[in-house]
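# Inside the fold
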Amino acid sequence: MASSVSAIAERDLPARYKGLGRRRFNSFLGTGLALFCALVAAASLLAILGYVVRQGVGAINWEFLTDVPHPIGVPGGGVGNGIVGSLIIIGIATLMALPVGLLTGIYLALFGRGVLPESLRFLSDVLSGVPSIAIGLFAYALLVAPFKHFSAFSASFAFMMLMLPLLVRTSEQAIRTVPQTVREGALALGMSNFRATIQIVLPTALPAIVTALLLAIARVTGETAPLLFTAFGSQFWETNPGNPMAELSLQVFTYAISPYPSWQAQAWGGALLLIVAVFVLSLGARLMLARAMRGLSE
Amino acid sequence: MTAVAAPAEILATDDLSAYYGEHKAVGDVSIQFRRKAVTALIGPSGCGKTTLLRCLNRIHEVLFDARVTGRVLLDGHDIYATDMDPMRVRRRIGMVFQRPNPFPTLSILDNVLACGRHGLTREQKLQVAERALRAAALWDEVKDKLKTSPLRLSGGQQQRLCIARAIAAEPEVLLMDEPTASLDPIATAVIEELMCSLAKEFTIVAVTHNMQQAARVSDVTAFMLADETRIGRLIEVDDTSKLFTKPRDPRTEDYITGRFG
Ligand SMILES: Nc1ncnc2c1ncn2[C@@H]1O[C@H](COP(=O)(O)OP(=O)(O)OP(=O)(O)O)[C@@H](O)[C@H]1O
Ligand SMILES: [Mg+2]
């Protein structure tokens, strides 16, 4: 009975509805395929996470977090100097990249047409595609080779170059999503272009900009290549940015390629710390973004 | 058209044309706005009312590719002269936009005070804000949540907030683009009353689609119409009572009797 009803219905449908069954099947197939791929991606991600946690969690203890590396043969030791080094190097990089990136983003959003803005955008796209090792090499040529001295600052400089294109484009986009009517409202009150941007437009775009900043920090937190010939690494507590400095991901690299099992175990511990740091940063970014979306739609 | 505005007019345009890129949206408009009066701008949708209004406080030019030719005289001085500072012009000529545009990150109170009334104490600022909010018929609805986000207000409340924000700056001329389009009849009546009382001190230019409203609140009415090339033209401007009873142009008559538009 039911089938005859649907048969009548199918016959009576206008031509554009013909073949509905096949389209429904195709849609089903497409959804299924997408779901399958998503599951594979999620599973491999979880597998990596699980593996790093299993390998690394044993290495993590108070000494690991607070001590400097011990010489080969002396048991124990840690990556405390690397953690501090990472904070210093990334901190300086952020302090340099944020104002430059943000102001460039504001400039592009407000005066975004013409030869100069277009070439700025193009350059920043190119820069974001340059391999980080090449940027490290550039920092080496500019800030290490002339002084014949490795330094944490040269690493910060390389990191800044990595963060800049991300910050420039995302802050431009964040400012652009602020409705033009809001900006006009501020101008119509007699505010200067600058004040309207700083006082009205920028705060509206702020959550999205903070999101971009956190993602940019997360990005460089996972970088090792540019550090090899800039920060170089150190066995000591080093806090002077003018000197070679330990850095967590660099220590992971050194330990991982070493032949000593105790160092290899510490490499896993360091990798776990890096993943946790990136995880926290990305989570923070997500939360900020959620706030930004809510702010705009509320 | 006299080059220098006579004392009766605070604001006048002289051969004013406005462009969006290559498209001329308003063409060769010469009109005078009487001091301390309400002038209503009427005309069918898309005839350039908003565009004309936006030329009067130099906000048209902030759009990319937007251009203005001709002159706008404020107290006899061309606001488009090179030595005129657009910020000063906009302080003297306030604007309420067609769509409510409260500042999303500022509180209701800070929205009203956003024009930057410096040198006032906290109490004085509160007084300024209260007066503006009362005038915009919003005070009773927001007096308990001045520190909250304006985005939680309804569309009509947001529009009244924007009106309060504009009058708190105490401009000499207030441009209002369909200020009551999103309001209920009660709030509309309050805003119309406000326009009439403001007109004792300020000059008001208001766009409206509502013929009755134009008849109720305005002293002078200007009728605009887009010609066959979509250029907005000023067809007729006259005392409201005359324009609605004895229009000189047949197109005006067609429009106000509802034959098109
Ligand atoms: N930002 C813009 N860019 C390009 N063209 C525009 C822009 N804004 C308006 N126009 C054009 O200018 C003409 C006049 O528009 P305007 O907004 O001034 O009309 P209006 O009389 O205010 O209409 P309404 O009553 O619907 O608000 C229209 O043809 C419109 O398409
Ligand atoms: Mg309009």
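In every chain, residue numbers begin from 1 and rise along the written sequence. Labels are handed out in written order, letters beginning with A for the chains and numbers beginning with 1 for the ligands. In keeping with the predicted nature of the model, local features appear solely for residues at pLDDT of at least 70, side-chain atom pairs appear and are counted solely at 80 or more, and the whole-chain, interface and lining totals rest on all residues. Side-chain calculation: all heavy atoms of the structure are included, whereas hydrogens and water are not.

### Here's the deal with the overall build of chain B
- Secondary structure counts use DSSP, requiring at least four H or I residues in a row for a helix and at least two E residues in a row for a strand, with both numbered from the N terminus. If you tally the helices and strands in chain B, you get 10 helices and 10 strands.
- Whereas a compact globule of 261 residues would reach a radius of gyration of roughly 18 Å, chain B reaches 18 Å, a difference of no more than 12%.
- Expressed along its principal axes, the backbone C-alpha trace of chain B runs to roughly 50 × 45 × 35 Å.
- A 1.4 Å probe rolled over the protein chains alone gives each residue an accessible area, and that area as a share of the maximum for its type sets the label: buried under 20%, exposed over 50%, partly exposed in between. Residue burial in chain B is summarised as follows: out of 261 residues, 55% are buried. Our radius of gyration looks at C-alpha atoms and nothing else; its globule reference is 2.2 Å times the residue count to the power 0.38.

### Focus on the pattern of salt bridges
- A carboxyl oxygen of Asp or Glu within 4 Å of a side-chain nitrogen of Lys or Arg is what we treat as a salt bridge. Under the defined criterion, the tally for this structure stands at 24 salt bridges over all chains.
- The residue glutamate 172 of chain A makes a salt bridge to arginine 121 of chain A at a minimum N-O spacing of 3.0 Å. Here glutamate 172 of chain A is found in helix α7 (residues 152–177), whereas its partner arginine 121 of chain A is found in helix α5 (residues 115–129), with 51 residues between them in sequence.
- The salt bridge partner of aspartate 239 of chain B is arginine 34 of chain B, with a shortest N-O separation of 2.8 Å. With aspartate 239 of chain B in strand β10 (residues 232–239) and arginine 34 of chain B in strand β2 (residues 23–34), this pair connects stretches of sequence that are 205 residues apart.
- Counted as one network, the salt bridges with shared partners bring together Glu118, Arg121, Asp125, Arg169, Glu172 and Arg176 of chain A.

### Considerations on the pairing of strand β7 (residues 173–177) of chain B
All names here are of chain B.
- Within β7, 5 of the 5 residues are buried, which leaves the element mostly enclosed by the surrounding structure.
- Burial along β7 is two-sided: Val173, Leu175 and Asp177 facing one way and Leu174 and Met176 facing the other are all buried.
- Pairs of strands are assigned from DSSP output, requiring at least two bridges between the strands. As judged from the 4 bridges shared by strand β6 (residues 93–96) and β7, these two strands associate in the parallel manner. Bridge pairing links methionine 95 to leucine 175 in β7.
- Where β7 lies against strand β8 (residues 203–207), 5 bridges are found, and the strand directions are parallel.

### What to know about the packing of helix α4 (residues 80–110) of chain A against α7 of chain A
All names here are of chain A.
- For helices, the axis comes from a line fit to the C-alpha atoms of the stretch in contact; other axes are also lines fit to C-alpha atoms, and the angle between any two N-to-C directions lies between 0 and 180 degrees. Between α4 and α7, the shortest axis-to-axis distance is 6 Å and the interhelical angle comes to 35°. Note that α4 runs across α7; the crossing there is right-handed.
- For the contact of α4 with α7, the residue count by class is 24 nonpolar, 6 polar and 2 charged. The crossing is said to be left-handed when, going from far helix to near helix, the turn is anticlockwise and less than a right angle, and right-handed when the turn is clockwise. By the convention adopted, Pro, Cys, Tyr, Trp, Phe, Met, Ile, Leu, Val and Ala count as nonpolar, Lys, Arg, Asp and Glu as charged, and the other residues, Gly among them, as polar.

### Digging into the coordination of the magnesium ion (ligand 2)
All names here are of chain B.
- In this listing, donors mean N, O and S atoms no farther than 2.8 Å from the metal, or 3.2 Å for Na, K and Ca; water is missing from the atoms, so a site can look incomplete. Coordination of the magnesium ion (ligand 2) by the protein is provided by Thr50 (OG1) and Gln98 (OE1), with metal-donor distances spanning 1.9 to 2.4 Å. Here glutamine 98 lies in the loop between β6 and α3 (108–112) and threonine 50 lies in helix α1 (residues 49–55), a separation of 48 residues in the sequence.
- Exposure remark for threonine 50: the relative accessible area of 24% places this residue in the partly exposed category.

### Some thoughts on the interface of chain A and chain B
- With 19 residues of chain A at the contact, the number on the chain B side is 25 residues.
- Interface area, chain A with chain B, both sides summed: about 2000 Å², of which 62% is carbon and sulfur.
- In this assembly, chain A and chain B are joined by 1 salt bridge.
- Linking arginine 54 of chain B and glutamate 184 of chain A is a salt bridge whose minimum nitrogen-to-oxygen distance equals 2.8 Å.
- Residues adjacent in sequence count toward polar contacts only when both atoms are side-chain atoms; beyond that, a polar contact is any pair of N or O atoms within 3.5 Å, and within protein one must be able to donate a hydrogen and the other to accept it. Across the contact surface, chain A and chain B share 2 residue pairs in polar contact (both at pLDDT 80 or more).
- Elements with a minimum of two residues in the side of chain A that touches chain B: α8 (180–188) and α9 (193–221) of chain A.
- The biggest single contributor to the side of chain A that touches chain B is α8 of chain A, with 8 residues.
- Residue classes in the side of chain A that touches chain B are distributed as 8 nonpolar, 7 polar and 4 charged. Residues count as neighbours in contact if any of their non-hydrogen atoms are within 4.5 Å of one another. Accessible area that two parts lose when put together, with a 1.4 Å probe and added across both, is what the buried area reports.

### As for the state of the cysteines
- When two cysteine sulfur atoms lie within 2.5 Å, the pair is treated as a disulfide. The final tally for this structure, using the stated rule, is 0 disulfides over all chains.
- A disulfide-free cysteine, cysteine 55 of chain B has its sulfur positioned 13 Å from the sulfur of cysteine 47 of chain B, the nearest such atom.

### Here we look at the site of ligand 1
Residues and elements named next belong to chain B.
- Of all residues adjacent to ligand 1, which total 15 residues, the nearest are Ser45, Lys49, Thr50, Thr51 and His209.
- Serine 45 places a side-chain nitrogen or oxygen 2.5 Å from an oxygen atom of ligand 1.
- Contact between ligand 1 and lysine 49: an oxygen atom at 2.8 Å from a side-chain N or O atom of the residue.
- In isolation ligand 1 offers 630 Å² of accessible surface; the protein chains occlude 66% of this area.
- Mapped by element, the contributors of at least two residues to the shell around ligand 1 are β2 and α1. Any residue with a heavy atom positioned within 4 Å of a molecule or strand is treated as near that molecule or strand. Values of accessible area rely on a 1.4 Å probe in the Shrake-Rupley scheme; residue burial ignores everything except the protein chains shown.

### Observations regarding the packing of aromatic side chains
- For Phe, Tyr and Trp, where Trp contributes only its six-membered ring, two rings pair if their centres lie within 6.5 Å, and the inter-plane angle classes them as stacked under 30 degrees, edge-to-face over 60, or tilted in between. Tallied over the entire structure, the rule returns 9 aromatic pairs over all chains.
- Ring centres of tyrosine 51 of chain A and tryptophan 268 of chain A lie 5.4 Å apart, and the angle between their planes is 85°; on these two criteria the pair is classed as edge-to-face. Residue tyrosine 51 of chain A is found in helix α2 (residues 20–56), and its partner tryptophan 268 of chain A is found in helix α11 (residues 261–297); the two are separated by 217 residues along the sequence.
- Assessed through its relative accessible area of 41%, tyrosine 51 of chain A is described here as partly exposed.
- Among the aromatic residues, those joined into a cluster by ring pairs are Tyr140, Phe150, Phe229 and Phe232 of chain A.
- Note on criteria: charge over ring means Lys NZ or Arg CZ within 6 Å of the ring centre, with the direction from the centre no more than 35 degrees off the ring normal. In this structure, arginine 67 of chain B packs its charged tip against the face of tyrosine 19 of chain B, placed 4.3 Å from the ring centre.

### Things to note about the confidence of the model for chain B
- As a per-residue quantity, pLDDT reports the predictor's confidence and falls between 0 and 100. For chain B, the average pLDDT comes to 91, and 96% of its residues sit at 70 or higher.
- Under the prediction, the complex receives an ipTM of 0.91, its pTM being 0.78.

### What to know about the pairing of strand β3 (residues 38–42) of chain B
Residues and elements named next belong to chain B.
- Burial within β3 is extensive, with 5 of its 5 residues counted as buried.
- Residues Val38, Ala40 and Ile42 point to one face of β3 and Thr39 and Leu41 to the other, with burial holding for every one of them.
- Note: β3 against β8, 4 bridges, orientation parallel. Following the sheet pairing, alanine 40 is matched in β8 by alanine 206.
- Alignment of β3 against strand β9 (residues 220–226), held across 4 bridges, turns out to be parallel. The residue of β9 that forms the bridge with alanine 40 is threonine 221.

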